Amino acid sequence: MNNGISLWATAAIQHLSNSQDDPLFKRSAAGFDFEIKLLGDSLWVMTSFGKNNQMAFRAGYSPDGFTDFKVTSDSDQALLSNLNLQ
């Protein structure tokens, strides 16, 4: 099994760690803090929990980026949104 990390993953970690952009959406639930961020060509769901634990999920990608993110429905169980491509 290969335990290496790709150049893309290294660049993504650096970009996410250095981001000063305000989140588009924030929510806390069941001990988790969630933030949605639009960084360049990707939409990210950032999750933090515990003292120093974090994960990031790339939820959307477009080579030309995005023009708009809008929450269309927000409940305790789900978040629906629209994301427009450039």
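Look above for the structure.
What comes next is a walk through the structure.

The helix and strand tally for the protein chain stands at 1 helix and 6 strands. Taken from the N to the C terminus, the helices and strands of the protein chain come in the order α-β-β-β-β-β-β. Viewed in the frame of its principal axes, the protein chain has a C-alpha envelope of about 40 × 35 × 30 Å. In the protein chain, buried positions account for 21% of the 86 residues. Within the protein chain, contacts between residues separated by at least 24 positions form 20% of all contacts whose residues are at least 6 apart in sequence.

One pass over the structure, following the stated rule, counts 3 aromatic pairs. Arranged with centres 6.3 Å apart and planes meeting at 20°, the rings of Trp8 and Trp44 form a pair that is stacked. Placement of Trp8 in helix H1 (residues 7-18) and of Trp44 in strand S3 (residues 42-49) is noted, with a sequence separation of 36 residues between them. Overall, the relative accessible area of 47% leaves Trp8 in the partly exposed class. Considering the side-chain rings of Phe32 and Phe34, the 6.1 Å spacing of their centres and the 25° angle between planes classify their relative orientation as stacked. On the accessibility criterion, Phe34 (30% relative accessible area) is partly exposed. Here the aromatic cluster, defined as three or more aromatic residues joined through ring pairs, consists of Phe32, Phe34 and Phe49.

Rules of the game
Residues numbered from 1 in each chain as written. Predicted model: local features only at pLDDT ≥ 70, side-chain atom pairs only at ≥ 80, totals over all residues. Heavy atoms only, no water. Helix = DSSP H or I, 4+ residues; strand = E, 2+ residues; numbered from the N terminus. Buried < 20%, exposed > 50% of the residue type's maximum accessible area, 1.4 Å probe, protein only. Contact = heavy atoms within 4.5 Å. Phe/Tyr/Trp six-rings, centres within 6.5 Å; stacked < 30°, edge-to-face > 60°.

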